[in-house]
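Inside the fold
Listed below are the residues making up each chain.
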Amino acid sequence: VEISIQDKEQVYAKAKASEVLRSFFDANKPKSFSQVHKGTSRESSDQYCIGNLSASTGNYRVYLYLKVTGNNVSIQEIRLDKQ
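Throughout what follows, the structure given in this document is the object of discussion. (Residues numbered from 1 in each chain as written. Predicted model: local features only at pLDDT ≥ 70, side-chain atom pairs only at ≥ 80, totals over all residues. Heavy atoms only, no water.)

1. Observations concerning the pairing of strand 3 (residues 30-40)
As judged from the nine bridges shared by strand 3 and strand 4 (residues 47-55), these two strands associate in the antiparallel manner. Paired with H37 across the two strands is I50, which belongs to strand 4. If you look at the hairpin formed by strand 3 and strand 4, you'll find six residues sitting between the two strands. (Pairing = 2+ DSSP bridges. Helix = DSSP H or I, 4+ residues; strand = E, 2+ residues; numbered from the N terminus.)

Right under this line is the structure:
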């Protein structure tokens, strides 16, 4: 899983990615999330979602890219940019 938080980008294994995100959300308590846009990739059936996260430390723009393989959906990329 590729995770980018405030321009710090790295690829993590599933377990480590969960740990990184848990740490982020522990430090930045979510208040609300609103989806702004969603769609499907032109090249494949992969999906994406863009939204706004309001957290205890400020507002973030959230980008999710989901890899679709048959009936399986997995998170390919998560990006959290402070606004």
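This is not the end of the story, as more comes after the structure.
2. Some details on the side chain of S4
Its location among the elements puts S4 in strand 1 (residues 2-5). Excluding residues within four positions of it along the chain, S4 makes contact with E9, I78, R79 and L80. (Contact = heavy atoms within 4.5 Å.)

3. Focus: the pattern of salt bridges
One pass over the structure, following the stated rule, counts four salt bridges. For the salt bridge of D46 with K67, the shortest nitrogen-to-oxygen distance reads 3.5 Å. A residue pair is termed long-range when its members are at least 10 positions apart, and D46 in the loop between strand 3 and strand 4 and K67 in strand 5 (residues 58-69) qualify at 21 residues. What emerges from the salt-bridge pattern is a single network uniting E9, R79 and D81. (Salt bridge = Lys/Arg side-chain N within 4 Å of Asp/Glu carboxyl O.)

4. Some remarks on the layout of surface pockets
Here the largest pocket defines a volume of roughly 180 Å³. Lining the largest pocket are V1, K14, A17, S18, L21, S74, I75 and I78. Contributions of two or more residues to the lining of the largest pocket are made by helix 1 (14-27) and strand 6 (72-82). Considering each element in turn, the lining of the largest pocket owes the most residues, four residues, to helix 1. Per-class residue counts for the lining of the largest pocket are five nonpolar, two polar and one charged. (1 Å grid on protein atoms, 1.4 Å probe; cavity = no way out; pocket = protein on both sides within 12 Å on 5 of 7 lines; lining within 4 Å. Points joined across faces, edges and corners; volume = space filled by probe spheres on them. Nonpolar A, V, L, I, M, F, W, Y, C, P; charged D, E, K, R; others polar.)

5. As for the packing of aromatic side chains
Considering all chains together, one arrives at two aromatic pairs under this definition. Relative to F25, the ring of F24 has its centre 5.1 Å away and its plane inclined at 80°; by these criteria the two rings are edge-to-face. The exposure class assigned to F24 is buried, which follows from its relative accessible area of 8%. Judged by relative accessible area, F25 falls into the partly exposed class, the value being 29%. Seen from their ring centres, F24 and Y60 are 5.3 Å apart, and the 85° between their planes marks the pair as edge-to-face. Of the two residues, F24 sits in helix 1 while Y60 sits in strand 5, which places them 36 residues apart along the sequence. Assessed through its relative accessible area of 4%, Y60 is described here as buried. Members of the aromatic cluster, joined through ring pairs, are F24, F25 and Y60. (Phe/Tyr/Trp six-rings, centres within 6.5 Å; stacked < 30°, edge-to-face > 60°. Buried < 20%, exposed > 50% of the residue type's maximum accessible area, 1.4 Å probe, protein only.)

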